[in-house]
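Each chain is listed here by its residues.
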Amino acid sequence: MRIDVLTLFPEILEGFFSSSIMARAVERNLVSYGLVNIRDYATDKHHKCDDEIFGGGAGMLMLPGPVSSALDAVDAKNARVVYVTPGGRLFNQAYARDLAGEERIVILCGRYEGIDQRIIDAYVDDEVSVGDYVLSSGETAALVIVDAVYRLIPGVISGESLDEESFEGGLLEYPQYTRPAVYDSMQVPEVLVSGHHANIVKWRMKKRLEKTLLYRPDLLQGKGLEGELRAMILELIEQGGEA
Ligand code: ADE
């Protein structure tokens with residue numbers, strides 16, 4: 001996959017692309033990337049990239065000219081273009097999987113009050129928000145998207161790790177423990193050291209349901225749980241009712 005990020009502050013993203021699992025993915029040619037400084041495409045001598053908003057209002061907007069030239073420089077019309085903004089659709093794991101299937105993605109980061117609507121109309125496929133809060137700029141939101149997407153590219157991370165984590169299967173992840181079996185007088189749950197695989201699977205599913213019920217009951221709505229899972233969740237609800 002090729003990822004191009006267009007930004008006024010490429011240095012915010014550089015560390016991520018040159019570190020850890022991403023650095024290894026780049027080295028193994030699973031990912032290639034470009035960090036494009038939109039200011040390099042400003043045409044006046046002060047490299048101006050923003051101006052006042054037509055019709056009035058607080059703050060400044062990014063000028064269409066430099067953004068458009070930067071998009072053309074990465075051939076954005078032939079890529080999936082994502083503009084990160086609190087005014088977009090909410091980012092989630094399903095959307096990350098969708099983006100992970102693309103050959104090329106371009107992520108456009110806004111600063112100030114955002115970008116001129118004509119750029120959105122001409123180039124942008126999706127306006128995407130990473131959550132119902134406002135960040136000072138799009139760069140940190142772009143990092144969230146890049147991180148959630150590239151790790152789903154086959155070969156970047158083992159398939160087994162991906163299958164069991166939160167949101168896969170529509171549930172949060174079960175609790176996990178490592179050595180020592182007793183730490184600071186706290187014991188690892190007995191079932192996990194029992195060697196009884198079927199019981200471990202059952203315990204983990206119960207814990208996934210319990211945690212999802214506690215923190216993200218919205219994920220369970222309309223899920224149509226059947227058989228043993230349905231019995232488990234009814235039991236958990238009943239226990240919750242008694243508490
Ligand atoms: N820019 C500022 N806040 C944002 C958010 N929540 N998501 C995406 N981009 C943003």
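Read on for an overview of the structure. Computed from a predicted model, the values in this text were never measured in an experiment.

1. Focus: the sheet that holds strand S6 (residues 104-109)
Alright, step 1. Strand order in the open sheet formed by five strands is S2-S1-S6-S5-S7, with parallel pairing between adjacent strands. Two strands close off the open sheet at either side, each with one partner strand: strand S2 (32-37) and strand S7 (126-129). Neighbouring strand axes in the sheet, compared pairwise and without regard to direction, differ in orientation by 30° on average.
Alright, step 2. Of the pairings in the sheet, the one linking strand S1 (residues 2-7) to S6 comprises five bridges and is parallel in character.

2. Remarks on the pattern of salt bridges
Alright, step 1. Evaluation of the coordinates by the stated rule reveals 12 salt bridges.
Alright, step 2. Where Asp-98 meets Arg-80, a salt bridge forms, and the shortest distance between an N and an O atom there is 2.9 Å. With Asp-98 in helix H4 (residues 93-100) and Arg-80 in strand S5 (residues 80-90), this pair connects stretches of sequence that are 18 residues apart.
Alright, step 3. Its relative accessible area of 38% is what places Asp-98 among the partly exposed residues.
Alright, step 4. For Arg-80, a relative accessible area of 14% corresponds to the buried category.
Alright, step 5. Note that Arg-151 is salt-bridged to Glu-165, the shortest N-O span being 2.8 Å. Here the residue Arg-151 occupies a position in the loop between helix H6 (139-150) and helix H7 (159-163), and Glu-165 occupies one in the loop between H7 and strand S8 (182-183), the gap between them amounting to 14 residues.
Alright, step 6. Salt bridges here are not isolated pairs; linked through shared partners, they connect Arg-80, Asp-98, Glu-102 and Asp-126.

3. What about H4?
Since the α-helix turns once every 3.6 residues, residues separated by three or four places project in the same direction.
Alright, step 1. Listing the buried residues of H4 in full gives Gln-93, Tyr-95, Ala-96, Leu-99 and Ala-100. The arc that holds the buried residues of H4, viewed along the axis, is 160°, so those residues lie on one side.
Alright, step 2. Buried positions along H4 lie against S5, S6, S7 and H6.
Alright, step 3. Near the N-terminus of H4, the side chain that reaches the backbone nitrogen of Ala-94, with its oxygen 3.2 Å away, is that of Asn-92.

4. Examining the side chain of Arg-111
Alright, step 1. With respect to the helices and strands, Arg-111 occurs in the loop between S6 and helix H5 (117-123).
Alright, step 2. Residue Arg-111 is classed as buried on the basis of its relative accessible area of 18%.
Alright, step 3. In terms of polar contacts, Arg-111 uses its side chain to reach the side chain of Glu-139, at 3.3 Å.

5. Structural notes on the site of the ligand
Alright, step 1. Every residue close to the ligand is listed here: Val-84, Thr-85, Pro-86, Val-128, Ser-129, Val-130, Gly-131, Tyr-133, Val-134, Leu-135, Ser-137 and Ala-141.
Alright, step 2. One of the backbone N or O atoms of Gly-131 is found 3.2 Å from a nitrogen atom in the ligand.
Alright, step 3. Classifying every residue of the shell around the ligand by side-chain character gives eight nonpolar, four polar and no charged.

6. Concerning the side chain of Asp-4
Alright, step 1. Tracing the sequence through the fold places Asp-4 in strand S1.
Alright, step 2. Within the local environment of Asp-4, its side chain forms a polar contact with the backbone nitrogen of Gly-34, the two atoms lying 3.5 Å apart.
Alright, step 3. Contact partners of Asp-4, with chain neighbours within four places excluded, come to Tyr-33, Gly-34, Val-74, Arg-104, Ile-105, Val-106 and Ile-107.

The rules behind the values
- Residues numbered from 1 in each chain as written.
- Predicted model: local features only at pLDDT ≥ 70, side-chain atom pairs only at ≥ 80, totals over all residues.
- Heavy atoms only, no water.
- Pairing = 2+ DSSP bridges.
- Helix = DSSP H or I, 4+ residues; strand = E, 2+ residues; numbered from the N terminus.
- Axes fitted to C-alpha atoms, helices over the stretch in contact; angles between N-to-C directions.
- Salt bridge = Lys/Arg side-chain N within 4 Å of Asp/Glu carboxyl O.
- Buried < 20%, exposed > 50% of the residue type's maximum accessible area, 1.4 Å probe, protein only.
- Arc of directions from axis to C-beta.
- Contact = heavy atoms within 4.5 Å.
- Polar contact = N/O pair within 3.5 Å; in protein donor to acceptor, adjacent residues only side chain to side chain.
- Near = heavy atom within 4 Å.
- Nonpolar A, V, L, I, M, F, W, Y, C, P; charged D, E, K, R; others polar.

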